[in-house]
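# Descriptive analysis of the structure
Below, each chain spelled out in residue letters.
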Amino acid sequence: LNQSNLSIQNLIPANTWIGYVSSTSVYGNHDGEWVNEDSEVKCKPGTKGELYYRAENEWRKAAQTYSWKLHIFRSSGLYGDERSAIHTIRKRGAGLDPVDKVA
């Protein structure tokens, strides 16, 4: 979230709800133990988990500064080297397969 050249408070008014979808990769390695929302964040420096955690913290700072209602969702399996929308389109095509029409 880069706030440097934007008047962001005019773009997003106070009390606006904002949802940010992060990743469970922020939890890092817990050696096979269960992880939940209260678990310690153990992502290693230089990992994608660290990038998501840094982004979460930027959103937290902005939300506090501009009085936004922020909710962070840490989903698993959404992000990865082969799990983006572009990868899906490449694997399955653009979804433009002909559809059988009923006469």
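Placed above this text is the structure.
Residues numbered from 1 in each chain as written. Predicted model: local features only at pLDDT ≥ 70, side-chain atom pairs only at ≥ 80, totals over all residues. Heavy atoms only, no water.

Within the protein one finds three helices and two strands. Ordered by position from N to C terminus, the α and β elements of the protein give α-β-α-β-α. Buried residues in the protein amount to 17% of all 103 residues. Within the protein, contacts between residues at least 6 apart in sequence are counted, and of these 62% link residues at least 24 apart. (Helix = DSSP H or I, 4+ residues; strand = E, 2+ residues; numbered from the N terminus. Buried < 20%, exposed > 50% of the residue type's maximum accessible area, 1.4 Å probe, protein only. Contact = heavy atoms within 4.5 Å.)

With that settled, consider the packing of aromatic side chains. Inspection of the entire model under this criterion finds four aromatic pairs. Relative to W68, the ring of Y66 has its centre 5.3 Å away and its plane inclined at 35°; by these criteria the two rings are tilted. For the pair Y66 and W68, a shared accessibility class is recorded, and that class is buried. Taken together, the ring pairs in this structure connect Y20, W59, Y66 and W68 into an aromatic cluster. (Phe/Tyr/Trp six-rings, centres within 6.5 Å; stacked < 30°, edge-to-face > 60°.)

On a regular strand, each side chain points to the face opposite its neighbour's, so the side chains alternate between the two faces of the sheet. Strand direction decides the pairing type here: strand β1 (residues 17-23) and strand β2 (residues 69-75), joined by seven bridges, are parallel. Note on β2: the bridge partner recorded for V21 is F73. The parallel pair β1 and β2 is bridged by helix α2 (residues 48-66), and the resulting crossover is right-handed. (Pairing = 2+ DSSP bridges. Right-handed = clockwise from strand over helix to strand, strands pointing away.)

Our focus in this paragraph is the environment of K69. By the element assignment, K69 lies in strand β2. When the C-alpha positions of K69 and T16 are compared, they lie 5.8 Å apart, and in sequence the two are 53 residues distant. Beyond its immediate stretch of four places on either side in the chain, K69 contacts N15, T16, W17 and I18.

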